[in-house]
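Each chain, letter by letter, is given below.
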Amino acid sequence: MTNIEQLLENNKGWSQRSIEANPRFFADLVDQQNPDYLWIGCSDSRVSANVIVDLDPGLIFVLRNVANLVNHTDMNCLSVIQFAVEVLKVSHIVVCGHYGCGGVAASVDNDRHGLIDNWLRHIRDTANLHAAFLESIEDPAERLNKLCELNVAEQVVNVGETTIVLDAWDRGQELSIHGWIYGLKDGIIRDLQISISGENDLKDLRNKLLFHDERRESGAASK
Ligand code: CO
């Protein structure tokens, strides 16, 4: 597929096949979306949210940016989280990173990449925060994969620390935040086992990250 018009042709085919498989496919979607999940993932073209968890449109609310970052001054991200939590009332927010993330690699390669370095600076901060741990890993690919995992964990904390999520927990709204990481080589998502469902969990996770837990030694296999 090289021609942009091909995309529009593909779309017509997809629409037709969807209706053939389920005549109410679009009729059911048109009135409202009712997703139970907010997905915060990387813009990487290989990590398409609906595709890798095999869900139809309407079931997952999605925010993607380079290296799946959640920053406290990013109005785009905060607005998406607010809408998801307060209007759609999702029960789960998933931060899904991926191994071999180019954004994560670029954050620590000491080259200049232009404006994006300011965005990636947040990952560099994470790398600095965990410098001793990361330097203890000899294999560069493995070290980078650990930074991908740490980046996810830091974003789970960042989501939990938004006023939106703290207020939701205060109201008693059921809301869990999960940290996952996707393997480009096998298409499998690993659960990093850092889910948080309230302020105590958030505090625990923050402490784990500050004081290096054993999880990472025995944690998800890096692929
Ligand atoms: Co990426």
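All of these numbers come straight from a predicted model, not from anything done at the bench.

Caption draft 1: Representation of the overall build of the protein within the structure. When you go through the protein residue by residue, the secondary structure sums to 11 helices and 5 strands. Its C-alpha atoms give the protein a radius of gyration of 19 Å, near enough to 17 Å, the size a compact globule of 223 residues would have. Dimensions of the protein, computed from the C-alpha atoms along their principal axes, are close to 55 × 50 × 35 Å. In the protein, which comprises 223 residues, the share counted as buried stands at 42%. A sequence separation of at least 24 residues applies to 64% of the contacts in the protein between residues at least 6 apart. When the accessible surface of the protein is summed, it comes to about 12200 Å², and 51% of that surface belongs to carbon and sulfur atoms. Between the mean site of the 20 positive side-chain charges and the mean site of the 33 negative ones, the protein shows a separation of 3 Å.

Caption draft 2: Main features of the pattern of salt bridges. Scanning all chains against the criterion turns up 7 salt bridges. The salt bridge involving D28 is made with R24; its shortest N-O contact spans 2.9 Å. A salt bridge links K146 to E149, with the nearest nitrogen and oxygen atoms 3.5 Å apart. Of this pair, K146 and E149 are both found in helix α8 (residues 140–160), 3 residues apart, which corresponds to roughly one turn of the helix.

Caption draft 3: Summary view of the packing of α8 against helix α10 (residues 199–210). Contact geometry of α8 with α10 gives a least axis separation of 10 Å together with a crossing angle of 145°. α10 is crossed by α8, and the crossing has left-handed handedness. Taken together, the residues of α10 that come into contact with α8 (itself represented by L150, A153, E154, V156, V157 and G160) are L202, L205, R206 and L209. Of the residues in the contact of α8 with α10, the class split is 7 nonpolar, 1 polar and 2 charged.

Caption draft 4: Expanded view of the confidence of the model for the protein. Summing up the model confidence of the protein, the mean pLDDT is 93 and the portion of residues at 70 or higher is 94%. Confidence drops under pLDDT 50 across residues 218–223; counting only partners more than four residues distant or on other chains, this segment forms 17 contacts.

Caption draft 5: The arrangement of the sheet that holds strand β3 (residues 92–98) in detail. A sheet is described by the order of its strands in space; here 5 strands give the open sequence β2-β1-β3-β4-β5, paired in mixed fashion. Each edge of the open sheet is held by one strand with a lone partner, namely β2 (60–65) and β5 (189–191). Averaged over all pairs of adjacent strands, the angle between their axes in this sheet comes to 25°, without regard to strand direction. Running at roughly 170° to β2, helix α4 (residues 75–87) makes contact with β1 (37–42), β2 and β3 of the sheet. Where α8 meets the sheet, it contacts β1, β3 and β4 (176–182), and its direction lies at approximately 165° from that of β4.

Caption draft 6: Summary view of the coordination of the cobalt ion. Surrounding the cobalt ion are the protein donor atoms C42 (SG), H98 (NE2) and C101 (SG), which sit 2.0 to 2.3 Å from the metal. One chain supplies every donor for the cobalt ion, spaced along it as C-x55-H-x2-C. One end of the pair, C42, is in strand β1; the other, C101, is in the loop between β3 and α5 (102–107), with 59 residues separating them in the sequence. With respect to class, C42 is no different from C101; both count as buried.

Caption draft 7: Summary view of α4. Over its 13 residues, α4 runs 17 Å from end to end, which matches the ideal 18 Å to within 8%, given 1.5 Å per residue. Of all the positions in α4, only C77, L78, V80, I81, A84 and V85 are classed as buried. The buried residues of α4 occupy an angular sector of 160° when the element is viewed end-on, so they sit on one face. Seen from the buried face of α4, the exposed residues on the opposite side, beyond 90 degrees, are M75 and V87. For α4, the secondary structure elements touched by its buried residues are β1, β2, β3 and α9 (163–171). One or two positions beyond α4, positive phi appears at K89, with a value near 55°.

Quick notes on the rules
- Residues numbered from 1 in each chain as written.
- Predicted model: local features only at pLDDT ≥ 70, side-chain atom pairs only at ≥ 80, totals over all residues.
- Heavy atoms only, no water.
- Helix = DSSP H or I, 4+ residues; strand = E, 2+ residues; numbered from the N terminus.
- Rg over C-alpha atoms; globule rule 2.2 N^0.38 Å.
- Buried < 20%, exposed > 50% of the residue type's maximum accessible area, 1.4 Å probe, protein only.
- Contact = heavy atoms within 4.5 Å.
- Areas by Shrake-Rupley, 256 points an atom, 1.4 Å probe, with all protein chains shown as cover.
- Lys, Arg positive; Asp, Glu negative; His and termini not counted.
- Charge placed at Lys NZ, Arg CZ, Asp CG, Glu CD.
- Salt bridge = Lys/Arg side-chain N within 4 Å of Asp/Glu carboxyl O.
- Axes fitted to C-alpha atoms, helices over the stretch in contact; angles between N-to-C directions.
- Left-handed = near helix turned anticlockwise from the far one by under 90°.
- Nonpolar A, V, L, I, M, F, W, Y, C, P; charged D, E, K, R; others polar.
- pLDDT = per-residue confidence, 0-100.
- Pairing = 2+ DSSP bridges.
- Donors = N, O, S within 2.8 Å, 3.2 Å for Na, K, Ca; no water.
- Expected span 1.5 Å × (residues − 1).
- Arc of directions from axis to C-beta.

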